[in-house]
Amino acid sequence: MGARGELYTTQIYLDNRSYFFNVKENRTGDVFLQIVESKNRDGAEQDRHQIAIFADDMQKFLQGMEKSLEFVEKDRKQRQKAAKEKKAAKEAKYAASKKKYVVKSEKNSDKVKKTGRIHVVSKRPESMEK
């Protein structure tokens, strides 16, 4: 047994937080999981929070965690789907509202130019354009 009853420890480092998963044994021989969150604040100062889940309660804890993870995943997928539908509706709205302008020229008198901008044709005679 390690220091302070530690049987096993693993760590996860994120941007400004660290998570420690410690399996410990107390003085009466009860095994529990201690989850510690350590968050950096203003350089030197750290916030530290911890919870303990005893071995007898671990299955219920994991069931609750799994349900929460399923909800998060389902919600994430719904949000992605809604974002895609919103983007498609927005593109469809703007695509339908784009105006069609006919560009007249000697070569292609029936050519249609699709754009959101007005196409300005010079009024100069062709002899002056060169």
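Structure report, in brief. Since we're looking at a predicted model, the values are computed, not measured.

Side note on the overall build of the protein chain
Helix and strand counts for the protein chain stand at 2 helices and 6 strands. Tracing the protein chain from N to C terminus, the helices and strands come up as β-β-β-β-α-β-β-α. Out of the 130 residues belonging to the protein chain, those deemed buried represent 12%. Sequence separation of 24 or more characterises 7% of the internal contacts of the protein chain that already satisfy a separation of 6 or more. Of the roughly 11900 Å² of accessible surface on the protein chain, 52% is carried by carbon and sulfur atoms.

A word on the pairing of strand β2 (residues 17–25)
Of the two faces of β2, only the one carrying Ser18, Phe20, Asn22 and Lys24 is buried; Arg17, Tyr19, Phe21, Val23 and Glu25 on the other face are not. Here strand β1 (residues 6–13) hands over to β2 after 3 residues, the two strands then running antiparallel side by side. Pairing between β2 and strand β3 (residues 31–41): 9 bridges, direction antiparallel. The partner of Glu25 across the bridge, within β3, is Val31. Counting the residues in the hairpin turn of β2 and β3 gives 5 residues, including Gly29, whose phi is positive at 95°.

Details of the pattern of salt bridges
By the definition in use, this model includes 3 salt bridges. Across the salt bridge formed by Glu37 and Arg17, the nearest N and O atoms sit 2.8 Å from each other. Note that Glu37 is positioned in strand β3 and Arg17 in strand β2, a separation of 20 residues in sequence. Measuring nitrogen to oxygen at the nearest pair gives 2.3 Å for the salt bridge that ties Glu73 to Arg76. Placement of the pair is Glu73 and Arg76 together in helix α1 (residues 58–97), with a separation of 3 residues, close to one helical turn. Of the residues examined, Glu73 reaches a relative accessible area of 32% and is grouped as partly exposed.

Considering the environment of Asp56
With respect to the element layout, Asp56 can be found in the loop between β4 (45–54) and α1. By relative accessible area, Asp56 is classed as exposed at 75%. Residues Asp56 and Asp30, spaced 26 residues apart in sequence, show a C-alpha to C-alpha distance of 9.2 Å.

Considering the side chain of Ser18
With respect to the element layout, Ser18 can be found in strand β2. Discounting chain neighbours no more than four positions away, the residues touching Ser18 are Ile12, Tyr13, Val36, Glu37 and Ser38.

What counts as what
- Residues numbered from 1 in each chain as written.
- Predicted model: local features only at pLDDT ≥ 70, side-chain atom pairs only at ≥ 80, totals over all residues.
- Heavy atoms only, no water.
- Helix = DSSP H or I, 4+ residues; strand = E, 2+ residues; numbered from the N terminus.
- Buried < 20%, exposed > 50% of the residue type's maximum accessible area, 1.4 Å probe, protein only.
- Contact = heavy atoms within 4.5 Å.
- Areas by Shrake-Rupley, 256 points an atom, 1.4 Å probe, with all protein chains shown as cover.
- Pairing = 2+ DSSP bridges.
- Salt bridge = Lys/Arg side-chain N within 4 Å of Asp/Glu carboxyl O.

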